[in-house]
Amino acid sequence: MKDYTVAVVIPAYNAESYICEALDSVVRQRRLPEQIIVVDDGSVDRTVARVLGWRDENFPGLILRQQSNSGVSAARNTGLRYAEADLIAFLDSDDLWLPHHLEQLEIAFKQHPELLICF
């Protein structure tokens, strides 16, 4: 079976209150991603500062991209442009994953290589 690389894309807008919890749920995965990309969509709060502080303490390779407010779809598309992985997993900045989330998604793709999308 093929081994896959995984990138996580997190669009964020004014998410300072919860972005670190979302990021914590990513690094608590049993199957860690190779990339974490946060796209700040023009936040006017301390989202960027929170992400940078979290990155320095937890995942120095985290990629942060900033853009003017263009909406969540545009932020996801920006994240896709920077992703360098076989599989892309989207996580909203106010959501959390259970520790087996990425592992289960990867297993699904390994067992069914014809899949294009899985959720």
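No experiment lies behind these values; they were computed from the predicted model shown.

Following the sequence through the fold, Gln29 ends up in the loop between helix 1 (19-27) and strand 2 (35-41). Within the local environment of Gln29, its side chain forms a polar contact with the backbone nitrogen of His101, the two atoms lying 3.2 Å apart. With residues near it in sequence (within four places) discarded, Gln29 still touches Trp97, Leu98, Pro99, His100, His101 and Leu102.

Moving on: the pattern of salt bridges. If you walk through the whole model with that rule in mind, you get six salt bridges. Residue Glu34 is joined to Arg31 by a salt bridge in which the shortest nitrogen-to-oxygen separation is 3.2 Å. Among the salt bridges present, the one from Asp92 reaches Arg76, with a minimum N-O distance of 2.7 Å. A residue pair is termed long-range when its members are at least 10 positions apart, and Asp92 in the loop between strand 4 (87-90) and helix 4 (101-111) and Arg76 in helix 3 (residues 72-82) qualify at 16 residues. With a relative accessible area of 22%, Arg76 lands in the partly exposed category. Because the salt bridges share partners, they merge into one network encompassing Arg31, Glu34 and Glu106.

Reading guide: rules and limits
- Residues numbered from 1 in each chain as written.
- Predicted model: local features only at pLDDT ≥ 70, side-chain atom pairs only at ≥ 80, totals over all residues.
- Heavy atoms only, no water.
- Helix = DSSP H or I, 4+ residues; strand = E, 2+ residues; numbered from the N terminus.
- Polar contact = N/O pair within 3.5 Å; in protein donor to acceptor, adjacent residues only side chain to side chain.
- Contact = heavy atoms within 4.5 Å.
- Salt bridge = Lys/Arg side-chain N within 4 Å of Asp/Glu carboxyl O.
- Buried < 20%, exposed > 50% of the residue type's maximum accessible area, 1.4 Å probe, protein only.

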